[in-house]
Amino acid sequence: MDIFDILFWFLSFVAVGCALGVILSRNPINSVLFLILTFFAISGHYILMNAQFLAIVNIIVYAGAIMVLFLFVIMLMNLNADVEPQKGRIVQFAGVLSGGVFFLVLLAATKSAASQQMVKTPTDIGLITNLGKVLFTEYVLPFEISSVLFLSAMIGAIVIGKKEPHLHQTEAR
Amino acid sequence: MRRNAIIIFMCIELMLNSVNLLLVSFSRFYNDINAQLFVFFIMVVAAAEVAVGLAVIVMMYRKVHSVDINILNRLKH
């Protein structure tokens, strides 16, 4: 058992445990902090799989930007964790049953899959030079379209989140 | 069962990240670069989606003073 195996198992336990913490903790702020830990563990997995650029992007975009946005919104709303009523027992039972059946299907699929040996040659396809070359030659059109998507998402967020003064006036009347 | 809309959004992020992890491991397995670019575009779409979704949640909180999704089922009636 070399250092990669130890790191893999450690990161896997951290990722799965923190993901369970996200969906099981009562307080939304605890959920956000668990989610940040999960993202860091997944970034560690990316580094183990020689995807260094994606690891850095994951930390910057997810743990840096999206999670700060989540924390900001939660603290803006000042939610209290105690008012969260439970769903009915039938819905819980249906959720557990469907999740268990799906897990069974996944287990059967991985059991019947042909096990191949991975080539353990060191690769450098995750480096930023190789990714950038492919991104700006082969995938340049989706890249530009994603910039338009970002622009429209930004305008949409501003328009949705803007206060509408005339609406409140009509409500008050 | 959770009914908080923010928790539901975080779970969507978690699912997107699981797909990302699977794609990166496929990329390592087959020594292919295209999967990592797919992961890049998934991250782009997730970021845009979170911006719009959180704006919707903030607007909903401003209207009904709650982020409980069961309050939002009035479209059904």
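Up top you'll find the structure we're talking about.
Quantities reported herein were computed from a predicted structural model and do not represent experimental measurements.

Definitions and cut-offs
Residues numbered from 1 in each chain as written. Chains lettered and ligands numbered in written order. Predicted model: local features only at pLDDT ≥ 70, side-chain atom pairs only at ≥ 80, totals over all residues. Heavy atoms only, no water. Helix = DSSP H or I, 4+ residues; strand = E, 2+ residues; numbered from the N terminus. Expected span 1.5 Å × (residues − 1). Buried < 20%, exposed > 50% of the residue type's maximum accessible area, 1.4 Å probe, protein only. Core = buried A, V, L, I, M, F, W, Y, C linked by side-chain atoms within 4.5 Å. Polar contact = N/O pair within 3.5 Å; in protein donor to acceptor, adjacent residues only side chain to side chain. Contact = heavy atoms within 4.5 Å. Buried area = accessible area lost by both parts, 1.4 Å probe. Nonpolar A, V, L, I, M, F, W, Y, C, P; charged D, E, K, R; others polar. Phe/Tyr/Trp six-rings, centres within 6.5 Å; stacked < 30°, edge-to-face > 60°.

## A closer look at helix α1 (residues 3-24) of chain A
Turning to step 1, where the next piece is worked out: Between its first and last C-alpha atoms α1 of chain A spans 31 Å; for 22 residues at 1.5 Å apiece the expected length is 32 Å, and the two agree.
Turning to step 2, where the next piece is worked out: Of the positions making up α1 of chain A, those classed as buried are Leu-11, Ser-12, Ala-15, Cys-18, Ala-19, Gly-21 and Val-22 of chain A.

## Here's the deal with the nonpolar core
Turning to step 1, where the next piece is worked out: Val-32, Tyr-46, Met-67 and Phe-70 of chain A together with Ile-6, Met-10 and Ile-57 of chain B are the most contacted members of the largest nonpolar core, which has 39 residues in total.
Turning to step 2, where the next piece is worked out: Contributing elements (two or more residues each) for this core: α1, α2 (28-48) and α3 (52-77) of chain A together with α1 (5-30) and α2 (34-64) of chain B.
Turning to step 3, where the next piece is worked out: Ranked by size, the runner-up nonpolar core spans nine residues in total, among them Tyr-139 of chain A together with Ile-33, Phe-40 and Phe-41 of chain B.

## Structural notes on α1 of chain B
Residues and elements named next belong to chain B.
Turning to step 1, where the next piece is worked out: Compared with an ideal rise of 1.5 Å per residue, which puts 26 residues at 38 Å, α1 spans 38 Å between its outermost C-alpha atoms and is within 8% of the ideal.
Turning to step 2, where the next piece is worked out: You can read the cap of α1 off the contacts: a side-chain oxygen lies 3.3 Å from the backbone nitrogen of Ile-6, and it is on Asn-4.
Turning to step 3, where the next piece is worked out: Taken from the residues just after α1, Asn-31 is the one with a positive phi, measuring 60°.

## What about the interface of chain A and chain B?
Turning to step 1, where the next piece is worked out: On the side of chain B, 50 residues touch chain A, which itself brings 66 residues to the contact.
Turning to step 2, where the next piece is worked out: Summed over both partners, the interface of chain A with chain B comes to about 5400 Å²; 74% of that surface belongs to carbon and sulfur atoms.
Turning to step 3, where the next piece is worked out: There are two residue pairs in polar contact (both at pLDDT 80 or more) connecting chain A and chain B.
Turning to step 4, where the next piece is worked out: Elements that contribute at least two residues to the side of chain A that touches chain B include exactly α1, α2, α3, α4 (89-112), α5 (128-137), α6 (140-161) and α7 (165-172) of chain A.
Turning to step 5, where the next piece is worked out: With twelve residues, α3 of chain A is the largest single contributor of residues to the side of chain A that touches chain B.
Turning to step 6, where the next piece is worked out: Residue composition of the side of chain A that touches chain B, by class: 41 nonpolar, 16 polar and nine charged.

## A closer look at the packing of aromatic side chains
Residues and elements named next belong to chain A.
Turning to step 1, where the next piece is worked out: Applying the stated criterion across every chain, the model contains nine aromatic pairs over all chains.
Turning to step 2, where the next piece is worked out: On the numbers, 5.4 Å between centres and 70° between planes, the contact of Phe-8 with Trp-9 is edge-to-face.
Turning to step 3, where the next piece is worked out: The exposure class of Phe-8 is partly exposed, given its relative accessible area of 37%.
Turning to step 4, where the next piece is worked out: Residue Trp-9 is classed as partly exposed on the basis of its relative accessible area, which comes to 47%.
Turning to step 5, where the next piece is worked out: An angle of 75° between the planes, with centres 5.0 Å apart, marks the rings of Phe-136 and Phe-143 as edge-to-face.

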